[in-house]
Amino acid sequence: MRVVRTIADLRALLRPLREEGKRIGFVPTMGFLHDGHATLIRQSAARCDATVVSIFVNPTQFGLSEDLASYPRDLERDQNICLEADASVLFLPEAAEIYPTGFQTHIEPGRLADPLCGRFRPGHFRGVATVVAKLFNMVQPDLAFFGQKDFQQTVVIRRMARDLNLPVDVVVVPTVREADGLALSSRNTYLDEDARRRALLLSEGLLAAKAAFEAGERLGTRLLEIARAPMAGVDSIQYLELVDSQSLEPIQGPVDRTAALCVAAYVGSTRLIDNVLLTPPVAAAAGSQA
Ligand code: AMP
């Protein structure tokens, strides 16, 4: 695995691969890697000839009161995880490499960035879309891998890739969870034992609603009730919403197409997000034919 810190070195490394017709996979991350990230890297390594992982804690997607300065870092551990998951290139740019003096051009996502996290993190998806577009231009991957854990992010990025004709396939990988259901997240490191117990109530609610859905419950209001019941023990729910998985508009009436049940909450001072997809069998069959 090669480690590079500049865009010039990255391009020099990737050019011959591209000229040989090699398929390049890309996994953008903010580091402090866990098995969710490793799963993305392994999937890329299985489907591509070379896999680039970037670690960049992107300042423009953090709000002023958010955890940019304290975001967890452990580069040595991250390098080992990348190596073990079969990454070929680890790209570690400094902020000045990504945003040189005078930088002023941004990607403005549309309506998909407004609901859910967009309501509570103004400017977040503008920051995400801009840095991902820049990273796509640096790496020029054939495939890029994102986790369903950040569901709205996958929808915004897919839309951006289509709208801007970016020649990359966006692959979404299911959320990796602990054995007890907690979605893996770099921010779980902030949780002490008691907070972790409360954090678990989020996945408990979502997974209960998913089980009810799979047992035949289709009423959105009822599914939301089932999800909300265990979440009463969480300090502050920012949102719990059932939305159309493509438009992100709230589902009114029965769930007759793929829906995303999404939650964001504070457990102590840690903000966590999670979601499950609810796919009616008819939509699943239609999807598998597509
Ligand atoms: P981050 O480092 O948090 O920016 O995440 C980098 C990528 O890993 C994003 O595409 C995330 O959605 C993905 N990711 C984070 N946590 C998980 C998880 N538990 N399962 C699957 N993918 C994840």
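Structure shown above.
What comes next is a walk through the structure. (Residues numbered from 1 in each chain as written. Predicted model: local features only at pLDDT ≥ 70, side-chain atom pairs only at ≥ 80, totals over all residues. Heavy atoms only, no water.)

Quick look at the site of the ligand now. The full set close to the ligand counts 17 residues, and Met 30, His 37, Asp 150, Val 176 and Leu 184 are the nearest of them. Residue His 37 places a side-chain N or O atom 2.9 Å away from an oxygen atom belonging to the ligand. A distance of 2.8 Å separates a nitrogen atom of the ligand from a polar atom in the backbone of Val 176. With the chains in place, 93% of the 490 Å² that the ligand exposes on its own is no longer accessible. Of all the elements in the fold, those that place two or more residues in the shell around the ligand are β2 (24-29), α2 (35-47) and β5 (143-147). A breakdown of the residues in the shell around the ligand according to their chemical character gives eight nonpolar, seven polar and two charged. (Near = heavy atom within 4 Å. Polar contact = N/O pair within 3.5 Å; in protein donor to acceptor, adjacent residues only side chain to side chain. Areas by Shrake-Rupley, 256 points an atom, 1.4 Å probe, with all protein chains shown as cover. Helix = DSSP H or I, 4+ residues; strand = E, 2+ residues; numbered from the N terminus. Nonpolar A, V, L, I, M, F, W, Y, C, P; charged D, E, K, R; others polar.)

A few words now on a nonpolar patch on the surface. Side chains of Met 1, Val 3 and Leu 83 sit close together on the surface and give an oily, nonpolar patch of about 230 Å² of accessible area. Among the secondary structure elements, Met 1 is positioned in the segment before β1 (2-4). (Patch = residues over 30% accessible without salt bridge, like charges linked within 9 Å, V, L, I, M, F, W, Y side chains within 5 Å. Salt bridge = Lys/Arg side-chain N within 4 Å of Asp/Glu carboxyl O.)

What follows deals with the environment of Tyr 71. Positionally, Tyr 71 belongs in the loop between β3 (50-55) and α3 (75-84). On the basis of relative accessible area, Tyr 71 is assigned to the buried category, the value being 7%. Apart from residues lying up to four places away in sequence, Tyr 71 is in contact with Met 30, Gly 31, Val 57, Phe 62, Ser 186, Arg 187 and Tyr 190. (Buried < 20%, exposed > 50% of the residue type's maximum accessible area, 1.4 Å probe, protein only. Contact = heavy atoms within 4.5 Å.)

Burial of strand β8 (residues 259-267) is extensive: eight of the nine residues sit out of reach of the surface. By the bridge criterion, eight bridges tie strand β7 (residues 236-244) to β8 in an arrangement that is antiparallel. For Ile 237, the partnering residue across the bridge sits in β8 and is Ala 265. Both β8 and strand β9 (residues 270-278) contribute to a ladder of nine bridges, which runs antiparallel. Bridge assignment links Val 263 to a residue of β9, and that residue is Asp 274. In this structure, the hairpin formed by β8 and β9 is closed by a connection of two residues, where Gly 268 is found at a positive phi of approximately 60°. (Pairing = 2+ DSSP bridges.)

Counting buried residues in β5 gives five out of five residues, a clear majority hidden from the surface. Here β5 shows no split at all, with Leu 143, Phe 145 and Gly 147 on one side and Ala 144 and Phe 146 on the other all buried. Two strands pair when backbone bridges link them, and β5 and strand β6 (residues 169-173) are joined in this way by five bridges, in the parallel orientation. Of the residues in β6, the one forming a bridge with Ala 144 is Val 170. Handedness of the crossover is the feature at issue here: the chain leaves β5, passes through helix α7 (residues 151-163), returns alongside β6, and the resulting connection is right-handed. (Right-handed = clockwise from strand over helix to strand, strands pointing away.)

What follows deals with the sheet that holds strand β4 (residues 89-91). Read from one edge of the open sheet, six strands run β1-β4-β3-β2-β5-β6, paired in parallel fashion. The open sheet terminates on both sides in strands that have one partner only, identified here as β1 and β6. Adjacent strand axes in the sheet meet at a mean angle of 25° when their direction is disregarded. As judged from the three bridges shared by β3 and β4, these two strands associate in the parallel manner. (Axes fitted to C-alpha atoms, helices over the stretch in contact; angles between N-to-C directions.)

What follows concerns the packing of helix α6 (residues 124-139) against α7. Remark: α6 packs on α7, axes separated minimally by 10 Å, with the N-to-C direction vectors making an angle of 55°. The angle between α6 and α7 places the two elements in the oblique class. Viewed along their axes, α6 and α7 form a crossing whose handedness is right-handed. Seen from α6, the contacting residues are Phe 125, Val 128, Ala 129, Val 132, Ala 133 and Phe 136; seen from α7, they are Gln 152, Gln 153, Val 156, Ile 157 and Met 160. (Parallel < 35°, antiparallel > 145°, perpendicular 65-115°, else oblique. Left-handed = near helix turned anticlockwise from the far one by under 90°.)

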